[in-house]
Protein chains: 4
Amino acid sequence: MTASPFDHPILGRLLGDEELATYFTAAADIDAMLGFETALADAEAKAGLIERSAAEAIRAAVEGFSPDLAALAEGTARDGVAVPALLAQFRRALDPDAAKALHTGSTSQDVIDASFAMRLQGVSLVLDRRLEALVSALTEWGLKDGDRTVMAHTRMQAAKPVRFARKIAAWTDPLVRCRLRREEIAPRAFALRIGGAVGDRAGFGERGEAVARDVAQALGLHYAPTALHSERDGIAELASWLSLVTGALGKFGEDVTLAVQNEVGELTLEGGGGSSAMPHKQNPVGAEVLVTLARFNATLLSGAHQALVHENERSGAAWTLEWMILPQMAMAAGAATRTALDLVPRLAVAETTSDVG
Amino acid sequence: MTASPFDHPILGRLLGDEELATYFTAAADIDAMLGFETALADAEAKAGLIERSAAEAIRAAVEGFSPDLAALAEGTARDGVAVPALLAQFRRALDPDAAKALHTGSTSQDVIDASFAMRLQGVSLVLDRRLEALVSALTEWGLKDGDRTVMAHTRMQAAKPVRFARKIAAWTDPLVRCRLRREEIAPRAFALRIGGAVGDRAGFGERGEAVARDVAQALGLHYAPTALHSERDGIAELASWLSLVTGALGKFGEDVTLAVQNEVGELTLEGGGGSSAMPHKQNPVGAEVLVTLARFNATLLSGAHQALVHENERSGAAWTLEWMILPQMAMAAGAATRTALDLVPRLAVAETTSDVG
Amino acid sequence: MTASPFDHPILGRLLGDEELATYFTAAADIDAMLGFETALADAEAKAGLIERSAAEAIRAAVEGFSPDLAALAEGTARDGVAVPALLAQFRRALDPDAAKALHTGSTSQDVIDASFAMRLQGVSLVLDRRLEALVSALTEWGLKDGDRTVMAHTRMQAAKPVRFARKIAAWTDPLVRCRLRREEIAPRAFALRIGGAVGDRAGFGERGEAVARDVAQALGLHYAPTALHSERDGIAELASWLSLVTGALGKFGEDVTLAVQNEVGELTLEGGGGSSAMPHKQNPVGAEVLVTLARFNATLLSGAHQALVHENERSGAAWTLEWMILPQMAMAAGAATRTALDLVPRLAVAETTSDVG
Amino acid sequence: MTASPFDHPILGRLLGDEELATYFTAAADIDAMLGFETALADAEAKAGLIERSAAEAIRAAVEGFSPDLAALAEGTARDGVAVPALLAQFRRALDPDAAKALHTGSTSQDVIDASFAMRLQGVSLVLDRRLEALVSALTEWGLKDGDRTVMAHTRMQAAKPVRFARKIAAWTDPLVRCRLRREEIAPRAFALRIGGAVGDRAGFGERGEAVARDVAQALGLHYAPTALHSERDGIAELASWLSLVTGALGKFGEDVTLAVQNEVGELTLEGGGGSSAMPHKQNPVGAEVLVTLARFNATLLSGAHQALVHENERSGAAWTLEWMILPQMAMAAGAATRTALDLVPRLAVAETTSDVG
C-alpha cells in the first residue's frame, strides 16, 4: 500500500524487482541521456557538423559530471521534460565551444526517447533471459512428472484425466512464443528515435542519416529511417508484449491457485504464505500475485494504446502518459518472471491426485 | 445510440463496416463451423478414424442443411456454446453411421475456435488490403504535396515549418509496419486450435498430428503442434494488432481535426458534416470518428488481455469475453480503415498555410 | 461470436437481454428524439417563443410520422449525428410555419442527449427492479439455508467454517447499495442536457430556464441549470454504476463456479450446460457468464471515463465514444441481472458440505 | 521515466504530489496499522474481551516502537501481507499477556483495510479542500472575465461567440459535483472493514458490533454492519470518484491547450515550459499534464473494477490489485488538483480574441 508498489519499503519485495529497478533510477536515466549526447557529439564530429575537440570535451565532461537532481526536478516541473535543465547544468561543465556544440540539431525528445529505448531494451533482455530460465525449469518439471496423470478441468468442472505434460506445455509454449516475439518487435520497439526540433533531422543538414546510423550503433539501438517522434506504434507494441508475458504467467498462477486448493490437491506448494489469524494455512501467495500482475498489465495496456493518439509532431499529453505506464508494465513483468522462477521449484504434483469423474 | 454501434440501422453507416459485417453474421459462423466438421471428417476418413462414406455423407448433408436459429440460440443460452445444439440439429440430417462419425474426437472449442480463426483471418486480409490502399493514397498525396511547407506543432504550439512529406510519412509508416506485423502474428493468431475434450488430441488416437495438419490445410489456417485451447496469446496479440491499426488512424484523425480548425486552416476538408443549428459549419466528422475508434479499441484491448488469465483446460468466463471483444475490435478497425479511405481524397493542403512563428 | 454479442441470433439469449434491447432500437431512439422535439415545442409555445398552433402541429405530425431509416443512416454517416436528417424528414410532414418553429433555439446534442438520458433512465429502472428481485431471492435463500455451515475460503485456501448467511450477505449487500447509488446519481445521470448551439440557451432568449424546466418535466428527466453538453461526469458516473452492478454479480458468479467445483461441492447447480464431448458434465455456464460480463464492463468503463476529456463546447470524438460504450454496458448489466435471477433458484447448499480444515 | 512517476527524483515534481505522498509512506501505513491495533485493543478491553492492562500496554508500546522495515518487507514477500511480520515484531515489545491480547479475533485484512481506508479518507479530504480552492479560483476568474466574449467551438470548429462565463461554468460545475459525491460515497468508501479470520466477527463473540462501532469511531471511519472483506464496491466507487476528479480537470486542461494554440490565442498562459531546441516556445505543460493524468486514471479505473471479482471470503489476487491501483489514482488526483491550482492564476483571456465565424 503505497503510491508505487514497486519501490515501496514494505511491498517492494512482493511486487517489485531489484534487478529491473536499476533501469528506472534517476541515475540510469541521466547516464543514458548523457550517453546519447556523447554518441551524438561523436557522430556529429565524424560528420563534420561539430569540432572533434568539442565531442571529446563532451565525452570527458560526462565522466566527472554530477547532476543537481533538485534542479532537474524543478526544470522538469516547468518544462515537462528534464532535458533543458540537464543541458543547462551540463553546459556549465563545458568550455564555450563544446557547450555550443552540445545537442546540435537535436531536441529533448531525441534524448528522452533514446534513454527510454536503451533502458527498455535492457529490460527486455533481462526478461528474455528469465523466460529462458522459466522454460527450462518447466521443461525439467515436465521431464520428471510429465507422464503423471492429472485431472483436466474445463469450465471449472472436472473433465477427463490428462498427462501432466499437457499442463506443462500450456504454461511453457506461450513463454517460448514471447521470446520469439521479442525479436520480431525489437527493430520497432528499440529503435533510435531521432529527428531534432520537428522531426525532420534538418538540424543535421545533409548528414541526418549518417548521424542517426552512428548514434544508433553506438547506443545499441536499431536504426530507423525517420524520427518516429509521433509514431508510437513501437512503444505500444512493446507494452502489448509486456502484457503477453504477464498474461501467460497469470494463467500459470491461476492454474496453480486452483490446483493447490485443499479440496483439489492436484499440486502441492512448499512454503506458502502464513496468516495472522489461521496458522494452519499455506497461502499460494506467489501464484495469486501472478494473477494480480497479469490483470495490472492488462489494465495499463489500454493507456499505452490510448497514447497512440499522439497529436502533431509531439504530444506532451500522450508522451507523458507513456512515461507513467511503460516503466510500471516493465516492473510488473519483472516481478512476474521473478515470482514464477521462485514458484516453480516449490511446486510438485501431489502423490495422490484426485480422480473425480 | 444502440446496444451495438456496428449493426445499428442509424449509426451503422457511421461506425460500422458492411464488408466486415459479413464475417460476423450467424450464417458465416455456422458455415465456418460446418466447414470445420467437414474438414475434420475428411481428415479422419483419410486417417482411418472414420469411414470415408461417413465423411462424404457429412459433406453432402452440409449442402442442404438449414439451421434452426432459435434452437441454436436456446442451446447456446443453456450450454454456453452453440456446438451441442448445432450438432444435434445437423445429426438429424445424417444417417446413423455418419451421425456417429461426426465430430469424432473433437469438442466444442475446436469448432468455435476454428470458426473464429477463419473469420478473423479473413477480416485481417480485408484490413491488409485497405491498409495497402491507404498507403497508396497517402503516398500519392505526398507525391503531389510533399514539398509544400506546413507548420509543425509540438506540445500544441507552433514550432517550425516542415515539408508536408513529414506528416505524410508519420501517417503512412505505421500502416506499413502494421502490414508487416500481420504476417508476423499470422501463424499464432490464425492457427487451428484443435485438441478434443481436454486438449490432448487423445480422441484421434495416434493420428492427432495428421488430422490437425489436414484440417488446418483444408481451412487455410496455420498448423500448431498443440491444442492452444487455453493458450490465448495469439488472440490477445491479434487484438493488439487491431488496436495498432486504429491507433495509427486515430493519430491521423486527430492531426486532421487540428489542421482543419478554422484558426489553423493548414488542411481543407471537402464535404464535412452539417449541423442542425449552425449551417455555416463543416464538421470534420470522419476525422473525429477515427479518434473515437482508436480510443474504443484501446479500451477493449484491455479486456482481450484480461482474457489471457484462462484457467485450466478451458475457461468459460475468459473465452466468452473474447467473443464479446474481438469481433467489435475487428469492426472498429474496419470502420476506421473505411473512414480513412473516404477521408484522404477529400483532404488538401490549404492554398495559403499559416506561417506562425 | 458476432460483432455484437447482444443482438446476435445465436449468442443473444446467452449474452443479451430482450427487455433492455427495446431501449436501444432505432425506433426507441427516434420516438425519444421526437418526444424531445414535441416537449420542446410545447414548452416554447408556453413561453411565447413559438406559436401554440405550431406546437400542436408538431405533436400531431409525430403521430403519423414514419421515418426513412436509410436516409437517417446516410445523414448520420455524413453529419455524425442523426438529427439534421431526422429534422429534414420530419419537416416535410409539417406546414411551413410549424417547420420553421420546430427545434427553435435547439441543437443536435440537445436531442440526442435527451433521448440517451430518457432511455438510460428507463434501463436503470428495469435494472433497479431486478436488483430488488435479486435481493429478495437471495434473502429468501438466506432465510432457508443461512444457518447451514459452509467452509470459508481465503486466498483460495479453506479457512474456517462460517454460516452460509455470511455468503448471502456478501452477495446481497452490494446490490442493496447499488439501488441506493442509483438514486444518488439520478439527478446527474438522468438530467436534461439542453443548451442550443453552443450551450448557452441563447436561442431561448430570456426563457431558457422555463423552457428547460418544462421540457425536463415533460420527459421525466431531472432539471439542470446549465447545458451539460461538455460536462460528461453524469454519464461517466452512470457507467461506473453499471460496472458496480456487473461487478457485484461477477463476484457472485465467481463464488458459484468455485463452490460447484466437483472437488468442492459446497453448492449444487441444477441444469448446468452440456458439453459436446463430455456428456457427464454440468457446466456452471450462467455463473461463468456473470464473471465475463463483470470483466467486460470493467473494461468498457475505462473508455467511458476517457470520454470525460471532452474538448470545448462539443467533442465529436468523445461524444461518439459514449454511444459506443454506454448502451453496451447497459446491456451487459441487463444480461447479468437476468442471468443471476435465473441462477439463484437453481442453486442449493449441498446436503453434505466439505469440512476441510 | 521511472517505475513510479510519483516518487521519482526527476519526475516527481511534475507528476507527483508532496502533500499526498505523506499518506503513502511506509511510516504512514505502519502508524495507521498500529493505530488500528490500539483502537481494537481499547474497544476489546471495553467489551471485556481482553484485559484493560493489556490494552494500555499495547498503546504504550506503540509510542516507542521502531519497525524493522527489512523484516517487514521479507514477511510481506512471504505472506503477501505485512501484518504477520509486523505483529511478530511488535509482540516482542509487549509482555506476554499483552502480546497474547494483541489482535484478538482480528485478521490481516482488518488491519490493512483499516489503514487503507484511513489514509484514503485523509487523501479525499485534501482533494476536497483543493477542489474548493479550485472552485473559488475559477469563480473569481469568472467574476472578472465572465462577460468577455470568446468563440465557442463544437466538433473542433468555431461555432458562435459565447460569454466566457460559459467556459468557467463547464470547468467549475463538475468540481462542485465531485465535492458532493465525496460525501455520498464516504460511508461506503471510508468504512471500517472488520470481520476477523473469515469475516463473521466470530472472534469477538457477542460483542462484534460494539467492537466494530468503537474501533470505527476511534479511527474516524464509518461503521458498517458487516465485514466488507470481500465486498469491494466502496473501493471501486472511490476509484471512480478519483477518475471523475482527474477527468474534469483533464477536460479543463484540454480546453486550455486548444485555447492557447498560437493560431487561436483565446487564452494566454504565463510561464509555459521551455524547449531545448526552440527557445521561442511557451509550452502549456501543466495543461497537457492534466490530460495525461485524466487518461492515466481512466486507464487504471478499469483495474479497480476488475478487482470487484473478489472470490470467496478473501482474494489475494484481487485485493493486491487494489494496492497497486488506488494509491496511484489518488496521487494522480493530487497531481491534477495541484497542477490546476497552479495553472488557473497564470491564465487570462487574451486581450484580442478571435472572431472567426
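Here we summarise the structure given alongside this text. Remember, predicted model here, so these are calculated numbers, not experimental data.

### Notes on the overall build of chain A
- A count of helices and strands for chain A gives 13 helices and four strands.
- Principal-axis analysis of the C-alpha atoms places the extent of chain A at approximately 80 × 40 × 35 Å.
- Taking all 357 residues of chain A together, 71% fall into the buried category.
- Carbon and sulfur atoms form 52% of the exposed surface of chain A, whose accessible area is close to 10500 Å².

### Some words on the interface of chain A and chain D
- Contacts between the two partners involve 72 residues from chain A and, on the opposite side, 72 residues from chain D.
- At the junction of chain A and chain D, the tally comes to zero salt bridges.
- Summed over the shared surface of chain A and chain D, the result is five residue pairs in polar contact (both at pLDDT 80 or more).
- For the side of chain A that touches chain D, the elements supplying multiple residues, two or more each, are α1 (12–15), α3 (26–46), α5 (69–79), α6 (83–91), α8 (108–145), α12 (285–306) and α13 (316–343) of chain A.
- Per-element accounting of the side of chain A that touches chain D gives the leading share, 11 residues, to α12(A).
- Class assignment for the residues of the side of chain A that touches chain D results in 39 nonpolar, 23 polar and 10 charged.

### A few points about the side chain of D79(A)
- Here D79(A) shows up in helix α5.
- A polar side-chain atom of D79(A) sits 3.1 Å from a polar atom in the side chain of R78(A).
- Not counting residues up to four positions away in its chain, the partners in contact with D79(A) are P84(A), R155(B), G273(D), G274(D) and V285(D).

### Focus: the packing of helix α3 (residues 26–46) of chain B against helix α8 (residues 108–145) of chain B
Residue and element names in this part refer to chain B.
- Running from N to C, α3 and α8 point in directions that differ by 120°, and their axes come no closer than 8 Å. When the axes of α3 and α8 are compared, the pair comes out oblique. Crossing of α3 against α8: the hand is right-handed. In contact with A28, D29, A32, M33, F36 and E37 of α3, α8 contributes D110, V111, I112, A114, S115, M118 and R119.
- Its residues assigned to classes, the contact of α3 with α8 comprises eight nonpolar, one polar and four charged.

### Quick word on the interface of chain C and chain D
- Listed as interface residues are 65 residues of chain C and, on the opposing side, 65 residues of chain D.
- Here chain C and chain D share an interface that buries about 5500 Å² over both sides, 52% of which is from carbon and sulfur atoms.
- The interface formed by chain C and chain D contains 12 salt bridges.
- Of the charged contacts in the structure, one is a salt bridge between E237(C) and R181(D), with a shortest N-O distance of 2.5 Å.
- Secondary-structure elements contributing two or more residues to the side of chain C that touches chain D are β1 (149–154), β2 (157–163), α9 (164–189), α11 (233–259), α12 (285–306) and α13 (316–343) of chain C.
- In terms of residue count, α11(C) provides more of the side of chain C that touches chain D than any other element does, 13 residues in total.
- Each residue belonging to the side of chain C that touches chain D can be placed in one class, and the counts come to 25 nonpolar, 19 polar and 21 charged.

### Some details on the relation of the copies chain A and chain D
- In the superposition of chain A on chain D (RMSD 0.0 Å, axial shift 0.0 Å), the rotation amounts to 180°. Both chain copies can therefore be described as sitting about a two-fold axis. Judged by C-alpha distance, S4(A) is the residue of chain A that lies nearest the rotation axis, at 2.8 Å.
- The overlap is high: 100% of the interface residues of chain A also sit at the interface in chain D, so the same surface is used on both sides.

### Considering the packing of aromatic side chains
- As enumerated under the stated definition, the model contains 28 aromatic pairs over all chains in all.
- An aromatic cluster of at least three residues, connected via ring pairs, comprises W141(A), F164(A), W171(A) and F252(A).
- Taking NZ or CZ as reference, R213(B) lies 4.0 Å from the ring centre of Y223(B), over its face.

### Points about α8(B)
- Across its 38 residues, α8(B) extends 54 Å between first and last C-alpha, which sits within 8% of the 56 Å expected from 1.5 Å per residue.
- Most of α8(B) is tucked away, with 27 of its 38 residues classed as buried.

### Quick look at the side chain of T76(B)
- When you line up the elements, T76(B) lands in helix α5 (residues 69–79).
- T76(B) has contacts with V81(B), A82(B), I10(C), L11(C) and L14(C), leaving out every residue within four places of it along the chain.

### Looking at the pattern of salt bridges
- Summed over all chains, the structure comprises 100 salt bridges over all chains.
- Across the salt bridge formed by R346(C) and D342(C), the nearest N and O atoms sit 3.0 Å from each other.
- Its relative accessible area of 21% is what places R346(C) among the partly exposed residues.
- The exposure class of D342(C) is partly exposed, given its relative accessible area of 42%.
- Connected through salt bridges with shared partners, the residues R177(A), R181(A), E184(A), R188(B), E231(B), D233(B) and E237(B) form a single ionic network.

### As for the environment of A236(D)
- Its location among the elements puts A236(D) in helix α11 (residues 233–259).
- Distance in space between the C-alpha atoms of A236(D) and Q306(D) is 8.9 Å, their sequence separation being 70 residues.
- Residue contacts for A236(D): discarding those within four places in its chain leaves L244(C), L301(D), A304(D), H305(D) and L308(D).

### Thoughts on the packing of helix α13 (residues 316–343) of chain B against α12(C)
- Running from N to C, α13(B) and α12(C) cross one another at 45°; their axes reach a closest spacing of 8 Å. Regarding the angle of α13(B) to α12(C), the classification is oblique. Between α13(B) and α12(C) the crossing geometry is right-handed. Counting all contacts with α13(B), which are made through G316(B), A317(B), T320(B), L321(B), M324(B), I325(B) and Q328(B), the residues of α12(C) involved are E288(C), V291(C), T292(C), L293(C), R295(C) and F296(C).
- Classifying every residue of the contact of α13(B) with α12(C) gives seven nonpolar, four polar and two charged.

### So, the relation of the copies chain C and chain D
- Of the transformation superimposing chain C on chain D, the axial component is 0.0 Å and the angular component is 180°, with the fit at an RMSD of 0.0 Å.
- When the interface residues of chain C are mapped onto chain D, 100% of them again fall at the interface, so both copies present the same face.

### Details of unusual backbone geometry
- The phi dihedral of H103(B) is positive, around 70°, even though this residue is not glycine.
- Tracing the backbone through its elements, the reader meets H103(B) in the loop between α7 (96–101) and α8.
- One non-glycine residue, R201(C), lies in the positive phi region at around 60°.
- Inspection of the secondary structure assignment puts R201(C) in the loop between α9 and α10 (208–219).
- With relative accessibility at 7%, the residue R201(C) sits in the buried group.

### Structural notes on helix α12 (residues 285–306) of chain D
- Here α12(D) spans 32 Å end to end across 22 residues, near enough to the 32 Å set by a 1.5 Å rise per residue.
- In terms of burial, α12(D) is a largely internal element, 22 of the 22 residues being buried.

### Some points on the state of the cysteines
- Taken as a whole, this structure holds zero disulfides over all chains when the rule is applied.
- We note that C178(B) lacks a disulfide partner, and the nearest cysteine sulfur, in C178(A), lies 19 Å from it.
- Owing to a relative accessible area of 1%, C178(B) belongs among the buried residues under this scheme.

### A look at the pairing of β1(C)
Residue and element names in this part refer to chain C.
- Of all six residues in β1, five are buried; the element is thus mostly enclosed.
- Of the strand pairs in this sheet, β1 and β2 are connected by five bridges, and their pairing is antiparallel. Considered in β2, the bridge of T154 is made with Q157.
- Where β1 folds back on β2, the antiparallel hairpin that results is connected by two residues, among which R155 adopts a positive phi of roughly 50°.

About the thresholds
- Residues numbered from 1 in each chain as written.
- Chains lettered and ligands numbered in written order.
- Predicted model: local features only at pLDDT ≥ 70, side-chain atom pairs only at ≥ 80, totals over all residues.
- Heavy atoms only, no water.
- Helix = DSSP H or I, 4+ residues; strand = E, 2+ residues; numbered from the N terminus.
- Buried < 20%, exposed > 50% of the residue type's maximum accessible area, 1.4 Å probe, protein only.
- Areas by Shrake-Rupley, 256 points an atom, 1.4 Å probe, with all protein chains shown as cover.
- Contact = heavy atoms within 4.5 Å.
- Salt bridge = Lys/Arg side-chain N within 4 Å of Asp/Glu carboxyl O.
- Polar contact = N/O pair within 3.5 Å; in protein donor to acceptor, adjacent residues only side chain to side chain.
- Nonpolar A, V, L, I, M, F, W, Y, C, P; charged D, E, K, R; others polar.
- Axes fitted to C-alpha atoms, helices over the stretch in contact; angles between N-to-C directions.
- Parallel < 35°, antiparallel > 145°, perpendicular 65-115°, else oblique.
- Left-handed = near helix turned anticlockwise from the far one by under 90°.
- Buried area = accessible area lost by both parts, 1.4 Å probe.
- Least-squares fit on C-alpha atoms with pLDDT ≥ 70 in both.
- Phe/Tyr/Trp six-rings, centres within 6.5 Å; stacked < 30°, edge-to-face > 60°.
- Lys NZ or Arg CZ within 6 Å of the ring centre and 35° of its normal.
- Expected span 1.5 Å × (residues − 1).
- Disulfide = S-S within 2.5 Å.
- Pairing = 2+ DSSP bridges.

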